[in-house]
Amino acid sequence: MSAKKWVRRSLRQLSAALRENRGVFVSSMTVRRLLREAAYSLKANRKENTAWHPERDRQFRYLAQVKRLFLEGGYPVISVDMKKKELIGDFKNPGSVWCQQAERVNAHDFRSEAIGLAAPYGIYDLLHNLGYVYVGTSADTAELAVDAIVWWWECEDRPHFPNEDKLLILCDAGGSNGYRLRLWKQQLQEQLADRLGIEIMICHYPTGTSKWNPIEHRLFSYISVNWAGQPLRTFETLLGYIRNTTTATGLRVKATLSRKVYQTGIKVSDKQMAALNLTRRKVCPQWNYIIRPRAVLPSSTS
């Protein structure tokens with residue numbers, strides 16, 4: 001009998017196996033005591049191993065430096081990401097709440113039974129401790145990500161910064177704002193840099209380090225706690241939980257719903273990429289770059 005079969009067995013099964021295979025008669029309670037004395041206990045897998053990139057530490061140091069310089073200079077700094085997509089309807093939401101009777105929900109999470117799918121893209125303002133969530137109802141695309149940032153920028157009631165001709169965006173290495181994604185860069189150029197006339201610096205967190213992105217632990221985690229155990233039966237219910245998310249440190253959150261249908265599979269040509277006013281930084285150029293407004297915009301046929 002292999003060791004792997006032994007470690008997966010219950011105390012009673014171990015007791016029976018010892019009796020049948022080794023002729024040792026011990027109770028399950030004795031087996032438990034012996035295992036404890038030998039420092040054995042039931043343990044689940046622990047997620048610790050991450051993809052290690054040789055430039056990881058260098059990028060983190062650069063991120064800290066750039067973030068400090070922007071904040072000290074009075075420029076806006078935002079952290080962005082797409083939160084986990086949520087089925088809207090009579091579905092179970094992880095977590096528990098104080099109540100006398102548990103709410104009944106569907107036994108299975110079938111997409112076909114949902115009213116819709118919510119794709120919450122978040123923007124977190126590091127200086128003012130403010131969250132903004134742009135809830136899409138179609139695909140998670142780079143176009144949605146940039147539309148969310150534009151919506152935040154144009155919010156009439158957002159706090160303004162001493163200097164707003166530059167913007168620092170902190171984001172993950174993958175997803176709709178990934179560092180390899182051409183459409184992400186093109187949309188930033190057209191919808192932010194060119195249309196709003198601002199210089200944008202983008203810094204990506206290295207692959208496998210998304211939990212260090214500020215939005216994860218300063219905004220998304222509190223939204224998840226706020227709606228834990230509450231079925232998200234309508235889009236208005238979801239928006240209500242997002243807007244009512246607060247913390248003792250003063251976090252406030254604004255949310256909006258977009259019914260825009262975002263197209264997937266959009267290709268950006270080499271010619272379009274060459275037309276971008278994009279400059280890569282010397283430090284980890286794949287993760288750090290600046291997009292500036294173009295003096296002359298390319299024709300629509302490009």
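See above for the structure.
Quantities reported herein were computed from a predicted structural model and do not represent experimental measurements.

## Describing the packing of helix H2 (residues 11–22) against helix H3 (residues 28–37)
Each pair of packed helices can be summarised by the angle the axes make with each other and by the distance between the axes. Contact pair H2 / H3: the axes reach a minimum separation of 8 Å and the direction vectors enclose 100°. Taken together, the axes of H2 and H3 lie roughly perpendicular to each other. Seen from H2, the contacting residues are Leu11, Arg12, Leu14, Ser15 and Leu18; seen from H3, they are Ser28, Val31, Arg32 and Leu35. Of the residues contributing to the contact of H2 with H3, the split by class is five nonpolar, two polar and two charged.

## Considerations on the pattern of salt bridges
It is possible for side chains bearing opposite charge to pair when their charged atoms get close. Tallied over the entire structure, the rule returns 14 salt bridges. Its salt-bridge partner being Lys84, residue Glu86 comes within 3.3 Å of it at the nearest N-O pair. Taking the relative accessible area as the measure of exposure, Glu86 reaches 7% and is therefore buried. Shared partners join several salt bridges into a network, and the residues in it are Asp90, Glu103 and Arg233.

## Remarks on the state of the cysteines
Inspection of the entire model under this criterion finds zero disulfides. We note that Cys155 lacks a disulfide partner, and the nearest cysteine sulfur, in Cys171, lies 19 Å from it. Its relative accessible area of 6% is what places Cys155 among the buried residues. Cys203 supplies the cysteine sulfur nearest to Cys284, a cysteine that is in no disulfide, at a spacing of 9.7 Å. For Cys284, a relative accessible area of 2% corresponds to the buried category.

## Describing helix H7 (residues 214–226)
An ideal rise of 1.5 Å per residue puts 18 Å on 13 residues; H7 measures up with 18 Å between its terminal C-alpha atoms. When the local axis directions of H7 are compared, the greatest deviation, roughly 35°, occurs at Phe220. Along H7, the residues classified as buried are Pro214, Ile215, Leu219, Phe220 and Ile223. Summarising the contacts, the buried residues of H7 are in contact with strand E1 (77–82), strand E3 (116–125), strand E4 (130–136), strand E5 (166–171), helix H8 (235–243) and strand E7 (252–258).

Cut-off values and rules
- Residues numbered from 1 in each chain as written.
- Predicted model: local features only at pLDDT ≥ 70, side-chain atom pairs only at ≥ 80, totals over all residues.
- Heavy atoms only, no water.
- Axes fitted to C-alpha atoms, helices over the stretch in contact; angles between N-to-C directions.
- Helix = DSSP H or I, 4+ residues; strand = E, 2+ residues; numbered from the N terminus.
- Parallel < 35°, antiparallel > 145°, perpendicular 65-115°, else oblique.
- Contact = heavy atoms within 4.5 Å.
- Nonpolar A, V, L, I, M, F, W, Y, C, P; charged D, E, K, R; others polar.
- Salt bridge = Lys/Arg side-chain N within 4 Å of Asp/Glu carboxyl O.
- Buried < 20%, exposed > 50% of the residue type's maximum accessible area, 1.4 Å probe, protein only.
- Disulfide = S-S within 2.5 Å.
- Expected span 1.5 Å × (residues − 1).
- Bend = angle between axes of the 7 residues up to and from the residue.

Just distances and angles here, no functional claims.
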